[in-house]
Every structure is written in C-alpha cells, then in structure tokens.
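Structure assessment
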Amino acid sequence: MAEKITHSVCVGGPIAIHTVDGVIRRIRPIVLDDNDPKGWVIKARGKEFTPDRKVKPAFIALTEKNRAYSYDRIRYPMIREDFVETPDGKNRNAENRGKSGYRRATWDEALDLVAREIKRLQATYGKETVTACTGSHHSWGLVGYKLSTFARFFRMLGYTEIKDNPDSWEGFTWGAPHTYGYYWRLGGTEAFDLLEDGLQNVETMIMWSHDPDTTRGGYAGSESTLWRHWLNDLGVQFIYIDPYNNFSSVKQADKWFGPRPGTDAALCEAIAYVWITEGSYDKDYIAKHAHRFDEWADYILGKGVDKTAKTPKYAEAETGIPAADIKALARRWASTKTMGGSGMRGGFGGVCRTANGTEFARLMIQLFVMQGMGKPGQNIWAGTTGAPMDYNFWFGGYSDPLSQIANQPIADKTAVNCVIQKLYRPNVPDAILDGHYEWYGEGFCGGGIDLEFTEHIYPEPGYNKVHMFWRYGGCFMGTMLDTNKWVKMYKSPELEFVVNQDIHFHGEARFADVILPACTNLERYDIGELCNSGNGGYQSHSQTGNSWQIVIFQDKAIEPLWESRSDYWIFAQVAERLGFGQEFSEGRTELDWCKRFWEKSDLCEKISWEDFTKKGYYVAGVPEEWERHFGFRWFAEGYPCDTPNHKPCQEEGKLGTFTGKFEFVSESLLYWAPNDEARTPIATYKHSWEGHHSIKARKYPFHLITPHPRFDYHTQHNESTPWFWEIPENRVYINGNPYLVARIHPKKAAEKGIKDGDMMLLFNERGSVLCVARVTYRVEENTIHAYGSSGIYNPVDPGETSMDIGGCVNILSPGRLIGDMVPGMAPNSTLLDVCKYEGPIPDSQCFEYKLDAVAKDADPDAESCKEIIEGHGFEKIQAKVRASYLKKGAAAR
Ligand SMILES: Nc1nc2c(c(=O)[nH]1)N[C@H]1C(S)=C(S)[C@@H](COP(=O)(O)OP(=O)(O)OC[C@H]3O[C@@H](n4cnc5c(=O)[nH]c(N)nc54)[C@H](O)[C@@H]3O)O[C@H]1N2
Ligand SMILES: Nc1nc2c(c(=O)[nH]1)N[C@H]1C(S)=C(S)[C@@H](COP(=O)(O)OP(=O)(O)OC[C@H]3O[C@@H](n4cnc5c(=O)[nH]c(N)nc54)[C@H](O)[C@@H]3O)O[C@H]1N2
Ligand SMILES: [Mo]
C-alpha cells in the first residue's frame, strides 16, 4: 500500500489529506510538530491563553473527500444535445436551455468548438462580445484562483468584465466610509490585536447579526471558537441581536433580542436616545473626535425635521423589542466595557444586506463611537479576528495584485484587458434582456469613496453588446437575486453561446451549450496562506482570524477524477487554440507557478523549496514580545496611526472621512449625493422598500431572512455532500426528496394551520419554494428563516420558472438594489407568504435530470474511476442518493 499525506486549504480551512494507493481515505486537521514555532501567549486577568497545537478546520472542510468523489461531479466535457453550430449564431434552440439533455464530447471537440465560437463572435462583434464571470468564492490557492488563472486568460483574450457587488459588506461598503472612512477595508473595521484587548478588558459582547460558530469556519476554520469560550470563562456576558436565535446564540447568549428584520437602525437610534437623555456617553471623546454630533443628537431627541423623538417606545413599535429591554440594553452597554459588531468580521452580517443596510452600518458605528471607540475594552470587535501575528512576514493573499499570476512580479508580463465596457453582476440578466443598463460604482470601491459615484452605462458608447457568456461556476441560481431572471436570460437568443466550467453540476450548468469539467484543488498543485484574503481593497491581515499564520503547499493528492482537468489546463488549451498559449503560460507548469510564489515572497528566506514541499507547510511564528497595534487606539489617544494597514491621512492622526473625524452628518454624502433617499447625510432609520410598512405586506406579511448556511459554504457543499441532508436541522426527506427546512414561529404556524414537519410553501410574486416547516420559538414572530445562498436548484419543471423543491430560496429575493445610488444587494428585505402545502407531492424524478447529465458512465474508460469509488465505499453513498431520488410513495422519514 502506498500511503501519502498531503496538505491543502479549502474554504473551510486547512486540511491534511491521507491517501492510500491514490485514493483519498481521510481528511484530518493539521497537527503541528515539535519543530514548528511556539504559539503566542496572552496574559489576561490572571490567566494565560495559548492556542492548541493543531490547525482546526471547520466541519465543512471535513467533507472534502465526499466533494471530490461526489455523485454530482461533472465528469466529461458535454455539449447540449440540440445545440446547432449555425454560422450566424441564430437558431440554436436557446429556448430549450435548461431542459435539453447533453451528449458526451471529447476534450478536443469541446475545446475546438469553444475556440471557434470565440473567434467567430469576436470577429463579428468585437472583443467585448465575450463576457465571463466567477462566483465570489473559489477553491483556495493562489495559482488556480479566479483573480489569477481566470483573470489572466480573459484579460489576454479581451472581454467585457463583470464587476462583483461587495456582497459580504454591502451596507458597510456603501455606508460606513461616510462615517469613519475605511473605504480601503470596504467599510470594515480594523481589529488589530483586539483579541488581547478583549481578553484583558471587555465585560459585554454585542453580537449583532452574528453567528460566528456558523460563519467563521469560512476561511479561518474553527480557530476562534476557542477564543470565545475563553471570554465566557472570564465571565464576559454575550448579547445576541438577531431575528433568529442562531446556533452561537443558543449556545452562548446571556440574552437574545429578536428584532423584526431590517429594523435594527431604529434600535440603534433608541439606544442613542437613552444615552443622550441619561448623559451616559463619552462626552469628552465626542467633543474631540466627532463631527456635527449635536445636529444628529437633536434629530434623535425629536428636534429634527421629522419631530419624532427616537424613544425606546418608538423603537419597540418598529422592532417588536419591549421598550424596557431596549433601555436595559442601553444601560448595560454604557456601564460596562463593551465590544461587538455586526456579522462575521464586525462589518458584515445579514443586517447589512437589507434595504436599510447602509443606515444600520453607520448608526452602529456611531454607537461604538459614543462609548469611546478605541479605548481599552471599547471597540468594534466581533470575537473572530485580531489574534497576534508577525506583521513582518509577507506571503500574500488572493486579492493582492502582487500575488496573482495575472500580474508581475509573479508573471513576467502583466495581462491587460483591452475592453473598458463592464457589466454589474446582480444586473447581468437585466442588461442582456433589456439591452441597456446603467449603474453607479465600481463594484468593490476600495480605491476611494469617490469610486462609489462613478457612472456606468451598458453598452458603452461605440461598443457592441454581449453575445457569449462563459460562466465559471454555476451557483447564481442559489446566490444571486430574483434568480428566475437568470433563467429568462439563459433562454434568450441574445446569448448565442454559453459555456459553463465548474467542478460540480450546479444550477446554471444545465443552461450551457458546452460544459467543461474542472477538477478540485486536491487534484492539482497550488499554494496559499490560510485565511489571507489580501490587501487589494479587501480586509488586509485577515489571517488574524486564525491562531496560526501558516502557508501551505497544496500538493496534488490524487490525479484529476474522470476526465476533469485543472482550470489552468483548460484555459491554456483554449489559449493555445487562439494563438496565445505561450503568452498565457510563459512556459510554466502549475508547479512552476507555485514556486514563483515561494520565490517572490518572504517564504524563500525562511525555508527552502525542497523542505517546504516535503513538509507541506510553513508556520510563521509570533515573537515572544510581538509588536502590538491596537485597532483605533491611535485615534482614541491622538497619535499617528500605527496599525499595519494605514493610509497617509491616518499618519496625520485622521480618519479617512472628509473631516478626518467620525462624521455624524456626512460631508461626503452632502457633497456627492445630497438627495439620495436611501442614504441621507444624517443616517436614519428608514422604512424598507420591501418591509412591513409596504403595501405589499398586506399580501405578503412575512419577512424572509436567508442567512449564510450553517450546513454549507454557499452552494459548494450541501449540493454535493448528501450526508448533510441527513441533518434534521438542514433537510428532511419526503418522498425521496431532501427538502430544505424553513423556520416559522409557533403563533404564526398555528394561524396558518402548519405543524412541525409539514410541507410549507414559501411564495411571493417572484416564485415559490417548497420547504419543510420547523415550528420554533427561535424565530421572531414575523420572520421566516431559511438558509440562503445554498439551495440545490431543482425546479419541478426543468428549465422553467416553476416551483422549486431544492430549497433555492434566492428565487424569492428582490432584484432591487438598496438604493438608486447604492448598488448593494438586499436579500434580507424579502416579503412573502407561506401556506401548508397540500398539493400533489412533486415527483422527485426531476432530480434524475441532474444525475443523467452528470453520471452517465456510458464509456468503458470510466471503469477505472468507478472501481476506485466502489472499492472504498463511495458506491454506497451513490446508491443511496439514487435510491432516495427514485423512491416514491411513503415518506422516507
Ligand atoms: N439570500 C442570500 N444570498 C446571498 C447572500 C445572503 O446572505 N443571502 N450572501 C451573498 C454573499 S456574501 C456571497 S459571498 C455570495 C456567494 O455566492 P457565490 O460566490 O456565487 O457562491 P458559491 O457557492 O461559493 O459559488 C462558487 C462557485 O464556483 C465554483 N467553483 C469553486 N471552485 C472552483 C474552481 O476551482 N474551479 C471552477 N471552475 N469552479 C469553482 C463552485 O462550484 C460554485 O459553483 O452569495 C451572496 N448571496
Ligand atoms: N458555514 C458557512 N460559513 C460562511 C459562509 C457560508 O456560506 N457558510 N459564507 C462566508 C461568507 S462569503 C460571508 S460574507 C460570511 C457572512 O457572514 P455574516 O454576514 O455574518 O453572515 P449572515 O449569515 O448573513 O448573517 C449573520 C446573522 O444575521 C442575521 N440577520 C439576518 N437579517 C437580520 C436583520 O435584519 N437584523 C439582525 N439583527 N440580524 C439579521 C441572520 O439570522 C444570521 O444569523 O460568512 C462566511 N462564512
Ligand atoms: Mo460573502
């Protein structure tokens, strides 16, 4: 037996992969050895805290074996059965996309077709006729990353780029810079060294729209769970504010507040009201550091244009939280050292993805400012970041332009896109279907606040429209908005040619003319530093979400399965056919590129290439007396900024706002957008355009919230890992189909005649999704909770905008953006109604479509892979999946 242990990083953290005879047997945490450096020690309140000597993956990472051998891997290149390669691109049966079957093709046939179509289309309409887009997330590794390999190929080709919306940060990106700058962190905060500050000083933690045990596993693994247990052991009290009593809250909360979704800004205003009327805020700090505070205070006290005092009673009417509780919360916050924040990094959270997201973000920051933000134990810090690190060791994260194979110095030549026309991701279907679209912003606006106000128009004057879509990943049915519009777009003959390149057969794959099977990052070489997302307009030093700073050689654990190939190989092949193969690869293999990252970073000074690739990882130790740079301390104490990610303004002791102070009346909004109704110069609570005050609420009385899935990383795991479907809080089998669980309050369930375990239809004017009801006091009364951005897209009538039985709740979300000038997504501002579903139980055979498309083992060549799988128990999973799909009659429960 040939046994091997290799290492990798996935979206759920680092893993060690045990293989035997070329087959993955186990996925394990990485356990450090005696040669690795010692961990940091934080001394706090008479105790010492140090991390365990292993690197802890999130549980989603432990599914990597299942994901590699999944039943829904795309195994061969495929071409739509009724696709006709007409010379003018017309009459290609576009309307059948989504329901047509596929035939297996050879790689040569598929790649030749793709190259021919690119040539034809670009010769006819110009370079801009091709557009392409990845998801927000990607398998980990700097070589294969979307900003590396994908970007290199498409920039060299020339194409209409699709700008991502800052989906994780929305309200913070578009709101927070107008209060405290930090546009270069997309409105997120700086949490440097706040783990130590928290352990030493904090008394109360406000976990606002935050479920860290669920979400922090993304990127950092489960490292920070232990830190929050340490805080518990020190007697710190935790307050959770979330319409759903989420998993971390159930485990940890001393108190849970369940506001009506999208009304948190009113809660902020009332907390401020209590502090102002009781005099319990830091007046000296405000006098020194705040701009136009008094005007805002007047507004809170009812002396503003609306003449309404923002009393706890006023907030009770909006949020549903009793006024006495609001007062108690405000008083505890003011009388104890309090830290906290919104969502996974303090500047995220489902609440920032609502129609009121910018206003909440600004008001929440203002509250922390009122208590002296930056003083010991008083800060925005969500208990998930801010571990000590060696700031002098640089390896590079995926958003660093210096760490992408699209650019120098990793490549000899930087790839430059010659097309300036752009599309905006949430509105790609609108642009294609209407032929015209206008929007504000640059997607991610890390380069400056002014970028938020740039105007774009599609098509750009003098440019042609897009006629080819190369979709890399297939998740948008489950992760974008009002997603049935993507169905309509795919069926439009405006798109003459559609390619889908993914690892698993996700929702959009079935709308492609050609499907190209990529392999997982366990089947190719790569390199990456755990949790380092880089400095390219994101949040620098995100590795502080992790206890160990660790760079990993992502060795190839197994050969690509079936006929899948690495994305690099696929792009190199097409580049070859289009005449820029050599320019694309610069003669390098993927392993050669990995070595470039070692060579061009500090890693080469620390460990030889041979030792690094042999051991598989390198841990950068933290010096015993590490440099401390507490987030915001410099500002609170009035010295030039010393945190590692500073800007010139901060060296002068100023914030990145117009005035350099915390702006309670925003000068940047007064300057650029004085009439913007969604985001006013004074941040205020505003009724949602889709909320309980809307006329629509008469018909659709419930708020749907669709947070990030506890049992998935967006669409990447649930769909391909059937054992997740056995978790009763995730899915419940009925008639062989694993239905997503949606949660409803007992009072409302009774009114609707719905019992726990009943089939419950979620519906509004945009579509309907059939779920299984969980009747629970864990949701606020007016809320329906169902994990979003993860559904298995499974319409009963394939290819149509019909009822879905896969839990694809993003079908129900509004396509409307936060404001006319605020192009953020707001999936948590969705109204709908529910009913007990008593219609015919859908025939789960429609799943067969997917299986047929991916699992046809017609060719005997497939045998070797099949043997691998059968020899190691995967056949059982496979059989089970099939049986459950096919089972009819009695419910499987
Ligand atoms: N309702 C609702 N919707 C939301 C959100 C919400 O809170 N609620 N949150 C939003 C947020 S913050 C985010 S980040 C987005 C996430 O939305 P997406 O980024 O769209 O979601 P993923 O499922 O991560 O999509 C990744 C896709 O890329 C593919 N892929 C991964 N690695 C590779 C690779 O190496 N090669 C190839 N070829 N393909 C690969 C995967 O198979 C998958 O199809 O969802 C957003 N949507
Ligand atoms: N397991 C897992 N982990 C992940 C991800 C994943 O898909 N799965 N995705 C990763 C990504 S890309 C990101 S951006 C982060 C996202 O991290 P977050 O933005 O923090 O995650 P969410 O789940 O959207 O929001 C957190 C909480 O907000 C609550 N919430 C929703 N609406 C409201 C509201 O109106 N008011 C209040 N007070 N609370 C509200 C939800 O119930 C949820 O418990 O997570 C990352 N980690
Ligand atoms: Mo995200």
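None of the values given here were measured: they were computed from a predicted structure.

Overview of the site of ligand 2
- Every one of the 33 residues lining ligand 2 counts as a neighbour, but T215, D242, D264, G349 and D712 are closest to it.
- Here a nitrogen atom of ligand 2 sits 2.6 Å away from a polar atom, N or O, in the main chain of T215.
- The backbone of D712 places a nitrogen or oxygen atom 2.7 Å from a nitrogen atom of ligand 2.
- Classifying every residue of the shell around ligand 2 gives twelve nonpolar, 15 polar and six charged.
- Both domains that meet at the shell around ligand 2, namely domain 1 (188-387 + 639-672) and domain 2 (695-844), each give it at least three residues.

Points about the pattern of salt bridges
- Enumeration according to the criterion identifies 61 salt bridges in this entry.
- With its nearest N and O atoms 2.8 Å apart, the salt bridge here joins D82 to R80.
- Accessibility expressed as a relative area gives 1% for R80, which makes it buried.
- Measuring nitrogen to oxygen at the nearest pair gives 3.8 Å for the salt bridge that ties D325 to K255. Taken as a pair, D325 in helix α15 (residues 323-335) and K255 in strand β14 (residues 255-257) lie far apart in primary sequence, 70 residues in all.

A few points about the UniProt feature "domain: Pyrogallol hydroxytransferase large subunit-like N-terminal" (unreviewed entry) in the chain
- Annotation from UniProt places "domain: Pyrogallol hydroxytransferase large subunit-like N-terminal" (unreviewed entry) at residues 13-58.
- Secondary structure across residues 13-58 divides into 0% helix and 52% strand, with the first and last C-alpha atoms of the span separated by 6 Å.

Some words on the sheet that holds strand β22 (residues 497-502)
- The strand order across the open sheet formed by eight strands is β9-β8-β23-β22-β21-β10-β11-β18, and the pairing between neighbours is mixed. Both outer strands of the open sheet, β9 (102-104) and β18 (422-424), are each paired with one neighbouring strand and no more. Along the sheet, successive strands turn relative to each other by an average axial angle of 20°, direction set aside.
- As paired strands, strand β8 (residues 78-80) and strand β23 (residues 514-517) are joined by two bridges and run antiparallel to one another. Bridge pairing links I79 to V514 in β23.
- On top of the sheet, helix α2 (residues 107-125) reaches β8, β9, β10 (130-133), β21 (468-472), β22 and β23; it is set at about 125° to β23, its chief contact.
- Sitting on the sheet, helix α3 (residues 146-157) is in contact with β10 and β21, with an inclination near 170° to β10.

Calculation notes
- Residues numbered from 1 in each chain as written.
- Chains lettered and ligands numbered in written order.
- Predicted model: local features only at pLDDT ≥ 70, side-chain atom pairs only at ≥ 80, totals over all residues.
- Heavy atoms only, no water.
- Near = heavy atom within 4 Å.
- Polar contact = N/O pair within 3.5 Å; in protein donor to acceptor, adjacent residues only side chain to side chain.
- Nonpolar A, V, L, I, M, F, W, Y, C, P; charged D, E, K, R; others polar.
- Domains from an automatic or database assignment.
- Salt bridge = Lys/Arg side-chain N within 4 Å of Asp/Glu carboxyl O.
- Buried < 20%, exposed > 50% of the residue type's maximum accessible area, 1.4 Å probe, protein only.
- Helix = DSSP H or I, 4+ residues; strand = E, 2+ residues; numbered from the N terminus.
- UniProt positions renumbered as here; feature names shortened; annotations may be inferred.
- Pairing = 2+ DSSP bridges.
- Axes fitted to C-alpha atoms, helices over the stretch in contact; angles between N-to-C directions.
- Contact = heavy atoms within 4.5 Å.

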